[in-house]
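Chain by chain, the residues run as shown.
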Amino acid sequence: MQPLVEATSLVKRYGSTTVVHGVSLSLQRGEILGLVGESGSGKSTVARMLLRLVEPTSGSVTFDGTDLLAASKSDLRHLRRRMGIVFQDPFAALDPRMRVHQILEEPFLIHREERLRGNALQARLKALLDEVGMPDSALTRYPHEFSGGQRQRINIARALALRPDFLVLDEPVSALDVSIGAQVINLLRDLQRRHGLTCLMISHSMPLVRYLCDRVAVLQHGRLVETGPVLDVCDHPREPYTQALIAATPNFDPAFMQQ
């Protein structure tokens, strides 16, 4: 089966500094791939190259069989409807000057979704909020009126607005308290299963990746050092770096995540 997303030999240099060294990975439809590594290992840079938010210095990226790096502006605009990203910081990701309805409307305006206007658009916005466990009354409020967990739910709703096939989750709970983060992770898992999303989960937490992901890829100083089914890698890590990541991350009780 052809992967939905496939990257081959991705390299990214900034001046004389290489931050990503020949990374190759793929995501099958409907799976969650965990990309793990320490801060500064190049995880977010790889993710942004997969979305073509950052241009690779060399290498290739295909999305559903289309060469993403060769795509024209109009083709890329069409493909971007099928991609989304949930950013790490729920405080910085939302424009404080915009009400929630404006934040959620923005994807439809950018992509000129002419079919959704007036009452139909309002119904879609309410449905998006309902999916992430937020009330309709949130539409008229500003981001500063919500907690961190609520803001991240709004971020998730925005990322899902155009019903993407591929979603990048860039450390989506690292800025949240543990209990709130557990709720958000369970929400993401439920949404992924409900919509059959293909997800790239960026994290430094091996226990979290073990809980959420199907496969894992380990990045060290911009180089891919180990990949495989998540249980195989977590239970029988080959590389000393992977072993160190597992040892450095506290385990959590899976029952806590079910709350």
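Above this note sits the structure.
Here the structure is a predicted model, which means the values were calculated and not measured.

On to the overall build of the protein chain. Looking only at helices and strands, one finds 10 helices and 10 strands in the protein chain. For the protein chain, whose C-alpha radius of gyration is 18 Å, the value lies close to the compact-globule estimate of 18 Å for 259 residues. Here the protein chain holds 259 residues, and the buried ones make up 50% of them. A separation threshold of at least 6 residues defines the contact pool for the protein chain, and within that pool the share at least 24 residues apart is 67%. Accessible surface, the protein chain: about 12,300 Å² in total, of which carbon and sulfur atoms supply 49%.

Direction vectors running N to C along helix α3 (residues 100-110) and helix α4 (residues 118-131) enclose 110°, while the axes themselves pass 10 Å from each other. Considering their axes alone, α3 and α4 lie roughly perpendicular with respect to each other. Together, Val-100, His-101, Leu-104, Glu-105 and Phe-108 of α3 and Leu-121, Gln-122, Arg-124, Leu-125, Leu-128 and Leu-129 of α4 make up the contact between the two elements. A per-class count over the contact of α3 with α4 returns 7 nonpolar, 2 polar and 2 charged.

The subject of this paragraph is the state of the cysteines. Simply put, disulfide is the name for a covalent bond between the sulfur atoms of two cysteines. Evaluation of the coordinates by the stated rule reveals 0 disulfides. The cysteine Cys-199 is free of any disulfide, with Cys-213 supplying the nearest cysteine sulfur at 8.7 Å. Of the residues examined, Cys-199 reaches a relative accessible area of 2% and is grouped as buried. Note on Cys-213: relative accessible area 7%, which makes it buried.

Cut-offs used in this document
The written sequence of each chain sets the order in which its residues are numbered from 1. Where local features are concerned, this predicted model is filtered to residues with pLDDT of at least 70; where side-chain atom pairs are given and counted, the filter is 80 or more; whole-chain, interface and lining totals use all residues. Values reported for side chains reflect all heavy atoms of the structure, with hydrogen atoms and water molecules removed beforehand. Numbering of helices and strands runs from the N terminus, with a helix taken as a DSSP run of H or I at least four residues long and a strand as a DSSP run of E at least two residues long. Radius of gyration here uses only the C-alpha atoms, and the compact-globule reference equals 2.2 Å multiplied by the residue count raised to the power 0.38. Note on classification: 1.4 Å probe, protein chains only; a residue is buried when its accessible area is under 20% of the maximum for its type, exposed when over 50%, partly exposed between these limits. Pairs of residues are marked as contacts when any of their non-hydrogen atoms sit within 4.5 Å. Where accessible areas are quoted, they stem from the Shrake-Rupley method and a 1.4 Å probe; at the residue level, only the protein chains shown are allowed to cover. Whenever a helix is involved, its axis is fitted only over the stretch in contact; in every case the axis is a line through C-alpha atoms, and angles between N-to-C directions fall within 0 to 180 degrees. Reported orientations rely on four angle classes, namely roughly parallel under 35 degrees, roughly antiparallel over 145, roughly perpendicular from 65 to 115, and oblique for the rest. Each residue gets one label: Ala, Val, Leu, Ile, Met, Phe, Trp, Tyr, Cys and Pro are nonpolar, Asp, Glu, Lys and Arg are charged, and the others, such as Gly, are polar. When two cysteine sulfur atoms are found within 2.5 Å, that pair is recorded as a disulfide.

The analysis is restricted to geometry; functional conclusions fall outside its scope.
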